[in-house]
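Chains, contacts and geometry: an overview
Residues per chain, in single letters:
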Amino acid sequence: MKKILLLLVLFSTSFLLKAQNDEEQKDTTWMKVYRATSTKINDLVHTKLDVKFDYDKAYLYGKAWITLHPHFYPTDTLSLDAKGMEIKEVAMMRGSAKSSLRYVNDGMMLHITLDRTYTRGENYTVYIDYVSKPNELKVKGSAAITDAKGLYFINPKGEDKDKPTQIWTQGETEANSVWFPTIDKPNQKTTDEIYMTVPAKYVTLSNGVLVSQKKNADGTRTDYWRMDLPHAPYLFFMGVGDFSIIKDSYKGKEVSYYVEKKYAPYARGIFGETPRMIGFYEKITGVQYAWPKYAQIVGRDYVSGAMENTSATLHQESAYQNSRELLDGNIWEETIAHELFHQWFGDLVTTESWSNITLNESFADYSETLWDEYRYGKDAGDEHIQENRQTYLGNPADYTKDLVRFHYADKEDVFDQVSYPKGGSILHMLRNYVGDSAFFRSLNLYLNTNKFKSAEAQQLRLAFEEVTGQDLNWFWNQWYYGSGHPVLKIDYGYDNGRAQVIIEQTQTTGKIFRLPIAIDVYNGANKTRYKVWVENKIDTFYFASSAKPTLINVDADKILLTVKTDNKTADNYVQQWKYAPNYLDRYEALNYFSKNKMSELSQGLNDRYYGLRLVTLNRLDVAANKSLLTPEVLSQVERMANNEPYKKVKAKAIEILAKQSDRKYLPLFNKYVGDSSYSVSGASLEGLSKLDPANAYVLAKKYSGDAKGKLGEVILSAVLANGTESDFDFVYDQYKNAPPNQQKLQMSNTFSDYLIMVKNEAQVRKGIDVIMVFRNLVPEQFRKFTDPTFKQAFEKLSKAKRDQGNAQLADYVGGLIK
């Protein structure tokens, strides 16, 4: 499950987690409940399904043949998860013959009395005829997964002409048992085969391989999918819809991309790195991709970011990008890498319980760093892991949560910033401590030892200990079975040929961390490295040096997950910028220059890594640093606007020039307003809007037919500022098609203000309806945080319409949100 935490797609992580934590604090009884791994009474062996869909009712008519055997002890009963199902028949299979079995269906579980007692290793097959009614099941989602009804019918009756009809499933955590009866626990594994009968115009996708297709007389087709390798029930998947299938391959295995037809030309631009990723992950783990194919499909209205169904990953529609968007960088590439790595960590070896979700998600999270480092260089990997650290550190509510968590209010709660970015940061520290060779050999041993099985975090520790020969309990106890992070205060001194470093752990939890780190002592460009252990409340280290060092760089590899107060001088940071090699070394120096308004900040415009050039431009583009935008610096920014190869950096340079309102930049804005990059074009149009608003409005109308991202935002602003009621269709489309995020929440106010000038009541109602569609995407438990924005906008609109003499419309708008 990708962490758009995973609803970054909807609102900021901290916003959602605050809402979720507020809910959890009402009831603390869960703190006393130990979340054990599910007890195995029966083991799944094989699952055969035959399903048909009722689009009008949003029902699934299913038949299941489930083969099991007792795990160890003899048993004459079987309990299956069967959430919200209508059960029509339960029987024991004897060859092709059926004999009825007694059962109790309590609405969530199906309790079956078997025909006799079965012993260990003795297989039996139960037949179940059932109806799945997902829309009639009342379940609660979370910040990570906004719904949990398992089976989703998207626009099933075709009533929304702008949305395709699709079916897709979402199993994690335990929602697949809404559409087929099973033991819905992550420590179960089963092979499977699925017969899916669908309208013949649609294509299907499921786990494993498509064995056959049979056309039926009633205009339907039955597709037969089979997975011969065992995997967990929550990883079962079905997808149905009018998709184009774009096919790649890797070592003879099909690699395919299921996309809506209009995105077929861009599918390889979005997903085309996948074969290369598979090769990279095989190389670093030493374990071949296990499954018979790898498909990726994009579903409408998906309830999370992406999901690693075995051999069939599902992505939300934010993955869709056209060629102009891709020029600014593929925003979905890290998600693609994340879900692919799950095929090893999560699918091949699966967490045995949600308490141990780190074995799935921390690895998938860290795979993004590994991929960025491999594909784009060490600076890119370091940038990503630093962003991860800051994401975790930006959520104080997570500081008290262990990585392996045996106490939680709901299993959905473990999909948070601890399991994802903190877990990835912990793996980064572990990799640095044991070294690359031992790290990846340990992953190889862990995967090979536990493949097609489930595991807990201690098994990962044992693999690392076997490879390294070290007792690593201290690391696991500190980071896996403990919470928080060190808070460091670092001071320096020099006396009589000795450099001094004093490191104090100032966290107030009472916990003291053991931290193996490197300290580099510099004299000019020359450095000496020392390996030390920080393991006390206060540690003092001395290093021989004939002269006072120009820089002492603590945590020289920049791998610690920490909050630190590093009492370096300005001269130290100048030296750090010049000589310390890592991304974070330079990033810290630039931050110091920015905070202290030092002219050295502009040196970042020449950094070798485009990400730090962008950081520098962003730091220059704040009011406090306006004095640093000297004519010389602006000339350098202008050169970047003309020559920078990375589109987002180029766009930011143009954006800074646009804010100068200087007509000498008018030729530059005119030159790039037609650029293929939405970011560059949008920044240029923004500059024109300040200098020549009438022409900018004309250009906004000209480019409005293909305007996304920055360009779409600027065009919308230009039209709202200078447009008329005749621009309604454009304004409406821009709002409707904007991604559902924090910016769209803010845009709702602006769009509502525009509706004040619209006299056509049908258009006003259409605009109000699309705002409400967005409002209703917010999970109900979080609306208390978003509804004030919508309510304020509607109150203003209601008053304006009343003043215009339309009391009926005013009452309608005013009554939408109480």
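Residues numbered from 1 in each chain as written. Predicted model: local features only at pLDDT ≥ 70, side-chain atom pairs only at ≥ 80, totals over all residues. Heavy atoms only, no water.

Look at helix α23 (residues 761-777) against helix α25 (residues 807-814): their axes get within 12 Å of each other, and the N-to-C directions meet at 0 degrees. Taken together, the axis directions place α23 and α25 in an arrangement best described as roughly parallel. Where α23 approaches α25, its residues Glu761, Val764, Arg765, Ile768 and Asp769 are matched on the opposing element by Gln808, Leu809, Tyr812 and Val813. (Axes fitted to C-alpha atoms, helices over the stretch in contact; angles between N-to-C directions. Helix = DSSP H or I, 4+ residues; strand = E, 2+ residues; numbered from the N terminus. Parallel < 35°, antiparallel > 145°, perpendicular 65-115°, else oblique. Contact = heavy atoms within 4.5 Å.)

With that out of the way, let us pick up the packing of helix α24 (residues 783-803) against α25. Direction vectors running N to C along α24 and α25 enclose 170 degrees, while the axes themselves pass 8 Å from each other. Relative to α25, α24 is oriented roughly antiparallel. Touching Phe794, Leu797, Ser798, Lys801 and Arg802 of α24 are Ala807, Leu809, Ala810, Asp811, Val813 and Gly814, all from α25.

This part is about empty space enclosed by the protein. What the rule picks out here adds up to 2 cavities of 30 Å³ or more. Surrounding the largest cavity, Met429, Tyr433, Trp474, Phe475, Trp479, Arg514, Leu515, Pro516, Ile559 and Leu560 form its lining. Mapped onto the lining of the largest cavity, the elements with two or more residues apiece are α8 (418-434), α11 (473-480) and β25 (515-523). A total of 3 residues in the lining of the largest cavity trace back to one element, the largest contributor, which is α11. (1 Å grid on protein atoms, 1.4 Å probe; cavity = no way out; pocket = protein on both sides within 12 Å on 5 of 7 lines; lining within 4 Å. Points joined across faces, edges and corners; volume = space filled by probe spheres on them.)

Here we take up the nonpolar core. Core analysis: the biggest nonpolar cluster contains 83 residues, and Tyr281, Trp344 and Tyr480 have the highest contact counts within it. Those residues in contact with tryptophan 344 that lie beyond four places of it in its chain are Ile278, Tyr281, Glu282, Thr285, Val287, Gln288, Tyr289, Val349 and Leu447. With 80 residues, the next largest nonpolar core counts Met598, Val714, Val731 and Met747 among its residues. (Core = buried A, V, L, I, M, F, W, Y, C linked by side-chain atoms within 4.5 Å. Buried < 20%, exposed > 50% of the residue type's maximum accessible area, 1.4 Å probe, protein only.)

So, about the sheet that holds strand β23 (residues 487-495). Read from one edge of the open sheet, 4 strands run β27-β24-β23-β29, paired in mixed fashion. Each edge of the open sheet is held by one strand with a lone partner, namely β27 (538-544) and β29 (563-566). Mean inter-strand twist for the sheet, computed between neighbouring axes without regard to direction, equals 20 degrees. Pairing of β23 with β29, which is carried by 4 bridges, proceeds in the parallel orientation. Within the sheet, the bridge partner assigned to leucine 488 lies in β29 and is lysine 564. (Pairing = 2+ DSSP bridges.)

Turning our attention to the layout of surface pockets. The volume enclosed by the second largest pocket comes to roughly 570 Å³. Around the second largest pocket, the lining is made up of 22 residues, and of these Lys564, Asp566, Tyr573, Glu588 and Asn591 lie nearest the centre. Where the lining of the second largest pocket is concerned, the elements lending two or more residues are α7 (378-393), β29 and α13 (583-595). With 6 residues, α13 is the single largest residue contributor to the lining of the second largest pocket. Tallied by class, residues from the lining of the second largest pocket come to 8 nonpolar, 6 polar and 8 charged. (Nonpolar A, V, L, I, M, F, W, Y, C, P; charged D, E, K, R; others polar.)

Moving on, we get to α13. Each turn of an α-helix holds 3.6 residues, which means side chains three or four residues apart point in the same direction. Over its 13 residues, α13 runs 18 Å from end to end, which matches the ideal 18 Å to within 8%, given 1.5 Å per residue. Inspection of α13 places Tyr583, Leu584, Asp585, Arg586, Glu588, Ala589, Leu590, Phe593 and Ser594 among the buried residues, and these make up the whole buried set. Looking at the buried positions of α13, the neighbouring elements they touch are α7, β28 (551-554), β29, α12 (570-579) and α14 (610-620). (Expected span 1.5 Å × (residues − 1).)

Note that all results are geometric; they support no functional claim without further evidence.
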